[in-house]
Amino acid sequence: MASGVEVVGLRCSTPTRSSGADMPQRIQQLSVRDVRFPTGLEHHGSDATHTDPDYSVAYVVIETDGGVKGYGLTFTVGRGTEVVVGKTLEEIVGNFRGFYRLLTSDGQMRWIGPEKGVIQLATAAVLNAIWDLWARTEGKPLWKMLVDMSPEQLVSCIDFRYITDALTEQEALEQQMLKEGYPAYTTSCAWLGYSDQKLTQLCTEALASGWSRFKVKVGAELEDDERRCRLIRQIIGPDKTLMLDANQRWDVEEAVRWVTRLAPFKPLWIEEPTSPDDILGHATISKALAPLGIGVASGEQCQNRVMFKQFLQASALQFVQIDSCRLGSVNENLSVILMAHKFQVPVCPHAGGVGLCELVQHLILFDYISVSADLNNRMCEYVDHLHEHFMSPVVIRNAHYLPPTEAGYSCEMLEASVEAHRFPDGAVWAKAPA
């Protein structure tokens, strides 16, 4: 997922309101760069499974001859697209379902997917850039463009293959129907690699800034988890919300035993207790923990809408955690949001990393305004890292996401940051110890 991809001949015939030009915009190039931040040096993002993550993105830029650009990215944690084009933007969005299938179902490239792994991550990066370009030509933030779509236009962006036994296109159509912002929770206070002193300092500062929902990483050593959960609960008090995240650390029975030991600290959920592919295992854990009042949350590693369908059908999740880059961009996330609404399971997206908060804020606003109209047990993750590298960084006020106002999908990074962190020859990596 590195650099050097060029696309010639793609035309955007939609009038560009943001630039004031009525001339068609010819897309001349699509470029991809590998951008990495050395977050592992200070244990930012560390958990029981990923001990030294370097937050990274495959950063996509679509360039036109009229000056309008679309920006997209997909998030990775370090080590880790040929695109068939010749279409106008109008042709793409006029049959977005077909374009989604073009990217995900190519007869040869599908073999290294299908609709999962590196293919899905690459699909997300390209489609995120298309959505950003579309919203920019409409002169709207992405969430506003989604909200303003007709139900028919919105549903036409979704590929319903393999999920019609859970949600049909007709059912999706029937489901369609800001001052304070959207509730957020923080993960920044309690990474697994942080000392008790740092954890105490960050939790105390977060409380003073208005945060009331906290997530702690668990799963390495049970006694350490008990100590850290006790410490956090003492700091935040009995009325604040606490969540646990094991990052796929345990077997099924081990997860039940471990979380039962942590139940006295009153967590709302345990996130990713076991393999993200083990749907029945999650269902077993959910059933075992229900009497303790602890739900199961998962989804940041869920590879496609089909797996989400099965998680929901099996009552394996009490909280759905969509990810703006793990699934096939906005298109596939829309299908999961609508399925979760049908099954009456709240959507609490995964965020953090590089740019995930900037992206997912658009999806939560769409979910609330156009689908759920409910904030009960709904919140979005927030991690206070690397936002300074974006042109339109996410805005948090009183522990709430404020709606973005600039046109697009909030994907555009500062060019200086991209160049400095480009791997392996950017300035940050050129001077890094071998």
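Relevant structure appears above.
Residues numbered from 1 in each chain as written. Predicted model: local features only at pLDDT ≥ 70, side-chain atom pairs only at ≥ 80, totals over all residues. Heavy atoms only, no water.

What about the overall build of the chain?
Secondary structure summary: the chain contains 15 helices and 13 strands in total. Considering the chain as a whole, with its 434 residues, one finds that 58% of them fall into the buried category. (Helix = DSSP H or I, 4+ residues; strand = E, 2+ residues; numbered from the N terminus. Buried < 20%, exposed > 50% of the residue type's maximum accessible area, 1.4 Å probe, protein only.)

Quick notes on the environment of His-389
As for its position among the elements, His-389 is in the loop between β11 (380-382) and β12 (396-397). Residue classification places His-389 among the buried positions, given a relative accessible area of 11%. Distance from His-389 to Leu-414, taken between C-alpha atoms, is 5.5 Å for residues 25 residues apart in sequence. A polar contact of 2.7 Å, which involves the side chain of His-389, links it to the side chain of Ser-417. (Polar contact = N/O pair within 3.5 Å; in protein donor to acceptor, adjacent residues only side chain to side chain.)

Looking at the pairing of strand β8 (residues 267-271)
Remark: a regular strand shows side chains that alternate across the two faces of the sheet. With 4 of its 5 residues buried, β8 lies for the most part within the structure. Note that strand β7 (residues 241-245) and β8 share 3 bridges and pair parallel. Bridge assignment links Leu-242 to a residue of β8, and that residue is Pro-267. Since β7 and β8 lie parallel, the crossover through helix α9 (residues 252-262) that links them has a hand, and here it is right-handed. (Pairing = 2+ DSSP bridges. Right-handed = clockwise from strand over helix to strand, strands pointing away.)

Topic: the pattern of salt bridges
On inspection of all chains with the given rule, the structure shows 26 salt bridges. Between Lys-140 and Asp-148 there is a salt bridge; the shortest N-O distance is 2.9 Å. We note a salt bridge from Glu-332 to Arg-305, for which the minimum N-O separation is 3.0 Å. Taken as a pair, Glu-332 in helix α12 (residues 329-342) and Arg-305 in helix α11 (residues 305-313) lie far apart in primary sequence, 27 residues in all. With respect to class, Glu-332 is no different from Arg-305; both count as buried. The network of salt bridges with shared partners includes Arg-101, Glu-115, Asp-159, Arg-161, Arg-305 and Glu-332. (Salt bridge = Lys/Arg side-chain N within 4 Å of Asp/Glu carboxyl O.)

Things to note about the environment of Pro-267
You can see Pro-267 is positioned in strand β8. Residue classification places Pro-267 among the buried residues on the basis of a relative accessible area of 3%. Sequence-distant contacts of Pro-267, that is, excluding residues within four places in its chain, are made with Leu-242, Leu-244, Leu-262, Gly-293 and Ile-294. (Contact = heavy atoms within 4.5 Å.)

Describing the packing of α11 against α12
It is the contact of α11 with α12, at a shortest axis distance of 10 Å, that shows an interaxial angle of 10°. Our classification of the angle between α11 and α12 gives roughly parallel. Side by side, α11 and α12 meet where Arg-305, Phe-308, Lys-309 and Leu-312 of the first sit next to Glu-332, Ser-335, Val-336, Met-339 and Ala-340 of the second. Across the contact of α11 with α12, the residue classes break down as 5 nonpolar, 1 polar and 3 charged. (Axes fitted to C-alpha atoms, helices over the stretch in contact; angles between N-to-C directions. Parallel < 35°, antiparallel > 145°, perpendicular 65-115°, else oblique. Nonpolar A, V, L, I, M, F, W, Y, C, P; charged D, E, K, R; others polar.)

A word on the packing of aromatic side chains
Enumeration according to the criterion identifies 10 aromatic pairs in this entry. Taken together, a centroid distance of 6.2 Å and an interplanar angle of 20° make the contact between Tyr-59 and Tyr-71 stacked. Of this pair, Tyr-59 sits in strand β3 (residues 56-64) while Tyr-71 sits in strand β4 (residues 69-76); the two residues are 12 residues apart in sequence, bridging distant segments of the chain. For the pair Tyr-59 and Tyr-71, a shared accessibility class is recorded, and that class is buried. Here Phe-96 and Trp-131 contribute two aromatic rings whose centre-to-centre distance is 4.9 Å and whose plane-to-plane angle is 20°, an arrangement assigned as stacked. Separated by 35 residues along the polypeptide, Phe-96 in helix α2 (residues 96-104) and Trp-131 in helix α3 (residues 117-138) bring together distant segments of the chain. Side by side, Phe-96 and Trp-131 carry an identical accessibility label, which is buried. Here the aromatic residues Phe-96, Trp-131 and Trp-134 are joined through ring pairs into a cluster of three or more. (Phe/Tyr/Trp six-rings, centres within 6.5 Å; stacked < 30°, edge-to-face > 60°.)

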